[in-house]
Amino acid sequence: MKRNTIIELGSSGSRAENPPPIAPDSPNVAPAASTATNVRVGGSRSAAIKIRRHGCVIDLSEMPLPPEVLFHRYFQELSPFWREKYRGKHDLEALETLELRPLLVAIQGALNEGLNEEHAVREPVDSHPFHLDYIDSTVPNALAFRHDDYAFIGITIRLVNELWDASDLLGKSEVIASLIGVRLVGEQREALRVVFFRTMLSFIVLHEWTHHIHGHVGPRGLGSVHFDEILDGGQGGDLESQALEVDADGYAVHLVLNNLIAGNARASAVTTFLKLDEQPLSVQDEVLFACFVVAVGAFLYIRHPVTVNSANVYTLTHPPQAERMNFIMNQAMRWCQPSRADLAARMALDRFQKLMRGTAEATPGDSGGINWAAQTAFLMSPDGREYNRKLNGVYQSYVQTLFPT
Ligand SMILES: [Zn+2]
């Protein structure tokens, strides 16, 4: 697997003996450093800075650095090649799309708080404190990596913008509104856009979080590993790496649906955004479930479709999009079973296919449902079925290691 490219190329094993200085453009650090009278670089998680304020020297040596500073420093320490791609923490104050800023701040705050609480009660494989932040980058990507005893998740601002644009297209689509069953007009459609965006971004973040808590990052002897999520058909993988992606998708499905349909996100989605207060609970469930399918489908549709055959499908880092969506829907149906079996029954194959067709038509680009046709044809072929059988076998074996009986 070539998952640790940044680590291999960008950071040396001598970091501990010769740590780099605090970058002058580190957020929250630069103002203090600018007045420093005596600067030395100490432990990786302490500031080790003395500053002069109002005639007094203040020793900041033992003050721990906040995770957003450590997040930024991780990228500052990369080689020039990788720093050109990933420049550091993105300053949301500089965000061009003004209406997106409070939304990103709110999502970041809620996920950082909620997932650290989950960390505390679940005794996960990776128990490092968790921190989500945004990366200044023109590459659409999501990364999971460990650094300075933190489990970091980074979403590039380019990916954020692509999700926001796709959400806009979905929110404005008459076909999508009709398919999911909402009657929003005019500016109300902006609310539909927010539901799609929040669902997409949450799914991606929770996918990355699963890489952390299921031990995909680090404990397998690879050190601090980062996961490239958006590789447009990246090679260098195998069935084992694909099974980890299926696992991350599957766990994210359960977490997103727990939150959207049965948890904290339901009230605002139903009342504030979708105006479904008057509808029966079963109708509300159906609309929310359809929003989930459209949002996750759109996330997969906006990427370039992978061209697969019986040879290269086994060397991909991620399963082809159509295969991922199949696994995702299997997990979504499993989520419904304990208490909402009727919801699964109403998401029949015909309804699912209509939702996916509408999503593909609403989010054009260099992908779309037409291009998935080649993937689907392969997956339906004998070679494709054999690939599916093998991938499922590796995935099931992996799950047994997570939850041994
Ligand atoms: Zn992944």
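Residues numbered from 1 in each chain as written. Predicted model: local features only at pLDDT ≥ 70, side-chain atom pairs only at ≥ 80, totals over all residues.

Moving on, we come to the sheet that holds strand S5 (residues 130–137). The strand order across the open sheet formed by four strands is S4-S5-S7-S6, and the pairing between neighbours is mixed. Looking along the sheet, the strands with just one partner apiece sit at the ends: strand S4 (86–89) and strand S6 (142–147). Between one strand axis and the next, the sheet turns by 35 degrees as a mean value, whatever way the strands run. Pairing of S4 with S5, which is carried by two bridges, proceeds in the antiparallel orientation. Within S5, the position partnered with Lys89 by the bridge is Ile135. Its contacts with the sheet place helix H6 (residues 157–172) against S5, S6 and strand S7 (150–156), and it is angled at close to 90 degrees to S5. The strands touched by helix H8 (residues 188–213) are S5, S6 and S7; relative to S7, the strand with the most contacts, the crossing angle is about 150 degrees. (Pairing = 2+ DSSP bridges. Helix = DSSP H or I, 4+ residues; strand = E, 2+ residues; numbered from the N terminus. Axes fitted to C-alpha atoms, helices over the stretch in contact; angles between N-to-C directions. Contact = placed C-beta atoms within 7 Å.)

What follows is about the pairing of S7. Summarising burial for S7: six of the seven residues are buried, a large majority. Sheet topology places S5 next to S7; six bridges connect them, and they run parallel. Bridge pairing in S7 links Phe130 to Ala151. Pairing of S6 with S7, which is carried by six bridges, proceeds in the antiparallel orientation. Bridge pairing links Phe145 to Phe152 in S7. In textbook terms, the turn of a hairpin is the stretch between consecutive antiparallel strands, and for S6 and S7 this stretch comprises two residues, one of which, Asp148, has a positive phi near 50 degrees. (Buried ≥ 20, exposed ≤ 12 C-beta atoms within 10 Å, placed from the backbone.)

Caution is warranted with low-pLDDT regions, since their predicted coordinates should not be read in detail. In this model, the protein carries a mean pLDDT of 81, and residues with pLDDT of at least 70 account for 77%. Low pLDDT, under 50, characterises residues 1–44; the predicted model gives this stretch 74 contacts beyond four residues in sequence or across chains. (pLDDT = per-residue confidence, 0-100.)

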